[in-house]
Amino acid sequence: MPVFNPHSLEPIGVFDSGVGGLSVLRQLLRLLPQEDFVYLADTAWAPYGERSEDDIRHRCLDITQYLVRAHAIKALVIACNTATAAAASLLRERFPTLPLIGIEPAIKPAASLTRTGHIGVMATRATVGSARFQQLARTWGTNCHLHILACNGLALSIENALENHPNPDGETVRSLCERYMHELSPFVGQDSAHGIDTLVLGCTHYPFATRLLAPLAGPGVALIEPGEPVARQTARLLGKTGLLRSAPVPSPDDASERPERPVPGTLILESTAFPERLTTAARRWLHLPHIEAHAVTLS
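The structure contained in this document is the topic of the report that follows. On a predicted model such as this, the values are computed, not experimentally measured, just so you know.

This brings us to unusual backbone geometry. Here the amide bond leading from Ala46 into Pro47 is cis, since omega sits at 0°, within 30 degrees of zero. One can find Pro47 in the loop between strand E2 (37-41) and helix H2 (53-71). The phi torsion at Ala72 lies on the positive side, around 50°, for a residue other than glycine. Relative to the helices and strands, Ala72 resides in the loop between H2 and strand E3 (75-78). Since its relative accessible area comes to 37%, Ala72 is described here as partly exposed. In the Ramachandran plot, His287 falls in the positive-phi region, its phi being about 60° despite a non-glycine side chain.

Right, dumping it as structure tokens:
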């Protein structure tokens, strides 16, 4: 029988430049409901996709230091494609004992799903320009045609739409979705053997605009998001390192090695700006009607 590891009771840290990472968090909550999570939305710095790689690396380092210091996290999920591409290697170097799970555009699964060999990729400018993305494209796009589009402003417009309405279907979001899908439209061939039949949503914000993107892409195009694979990888890594929390948690007066009473996991939401925006998004997208996000300052 495995010995109970007290570090397994520590929370998992998750961060993104804003609310987009909730698309990853909802998969983590579904797969690992017994775990505690701390989600940090770095809204004060959003969007990462239009900042320099050096700025992103330094900011991600500050966030990780904060989550380790303030919450003693046992693992870190970077729920942002841009931050993963820019900073994952640095964070692994600076925090070698902290299990780290990044996210990246789902080019690999798209390559296995496409029938026509034509894949559309929507991502931020910083993601598309990163060395990591170029490596992914070379590795998994060899036998495919990748139609890559940097969607400037789309992530931020989805974020900003939450200020006035709890669903990101505002006119700016709609206009940008139409604009970018129009740019891809010459390659989208739902009735053709030579058009895009798979569309990679390479930013965690974009899944929250699928109600707009899916009709624009058409019924013959599959939209691919990486939240579920990230959750599965998190579970695998925690299990491998002995940090996966079993459903039971020890009570203060329990002297045995293995706890007896199950306690559900908790969720803390923090934001570096506009915590009400994160509250609105979490209530809408995570179906948590009473949750509240709190403002934090990184020192």
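In this section: empty space enclosed by the protein. In the structure shown here, the tally under the stated rule is 3 cavities of 30 Å³ or more. Of the volumes computed, that of the largest cavity is approximately 60 Å³. Asp16, Ser17, Pro47, Tyr48, Gly49, Cys80, Thr82, Thr124, Ala155, Cys203 and His205 together form the lining of the largest cavity. Of the residues assigned to the lining of the largest cavity, the class counts are 5 nonpolar, 5 polar and 1 charged. In this structure, the second largest cavity spans a volume of roughly 50 Å³. Counting residues per element, the lining of the second largest cavity draws most heavily on helix H7 (residues 154-161), at 3 residues. For the lining of the second largest cavity, the residue count by class is 6 nonpolar, 4 polar and 2 charged.

Judged by nonpolar contacts, the single largest core of 55 residues is most densely connected at Leu22, Met122 and Leu154. It is helix H8 (residues 171-184) that provides the largest number of residues to this core, a total of 6 residues. Residues within four places of Leu154 in sequence aside, it is in contact with Met122, Val173, Leu176, Cys177, Tyr180 and Tyr206. Listed in part, the 25 residues of the second largest apolar core include Cys60, Leu91, Phe95 and Leu298.

One pass over the full model with this rule turns up 12 salt bridges. Here Lys74 and Glu35 are joined by a salt bridge, their closest N and O atoms 2.6 Å apart. Highlighted residues: Lys74 in the loop between H2 and E3 and Glu35 in the loop between helix H1 (22-31) and E2, separated in sequence by 39 residues. The same class applies to Lys74 and to Glu35, which are both buried. Across the pair Arg232 and Glu228 runs a salt bridge, and its minimum N-O distance is 3.2 Å. Placement of both Arg232 and Glu228 in helix H10 (residues 227-240) is noted, with a separation of 4 residues, approximately one turn of the helix. By relative accessible area, Arg232 is classed as partly exposed at 37%. In this structure, a network of salt bridges that share partners links the residues Arg30, Glu228 and Arg232.

Thresholds applied
Residues numbered from 1 in each chain as written. Predicted model: local features only at pLDDT ≥ 70, side-chain atom pairs only at ≥ 80, totals over all residues. Heavy atoms only, no water. Helix = DSSP H or I, 4+ residues; strand = E, 2+ residues; numbered from the N terminus. Buried < 20%, exposed > 50% of the residue type's maximum accessible area, 1.4 Å probe, protein only. 1 Å grid on protein atoms, 1.4 Å probe; cavity = no way out; pocket = protein on both sides within 12 Å on 5 of 7 lines; lining within 4 Å. Points joined across faces, edges and corners; volume = space filled by probe spheres on them. Nonpolar A, V, L, I, M, F, W, Y, C, P; charged D, E, K, R; others polar. Core = buried A, V, L, I, M, F, W, Y, C linked by side-chain atoms within 4.5 Å. Contact = heavy atoms within 4.5 Å. Salt bridge = Lys/Arg side-chain N within 4 Å of Asp/Glu carboxyl O.

Bear in mind that shape data such as this cannot, by itself, settle questions of function.
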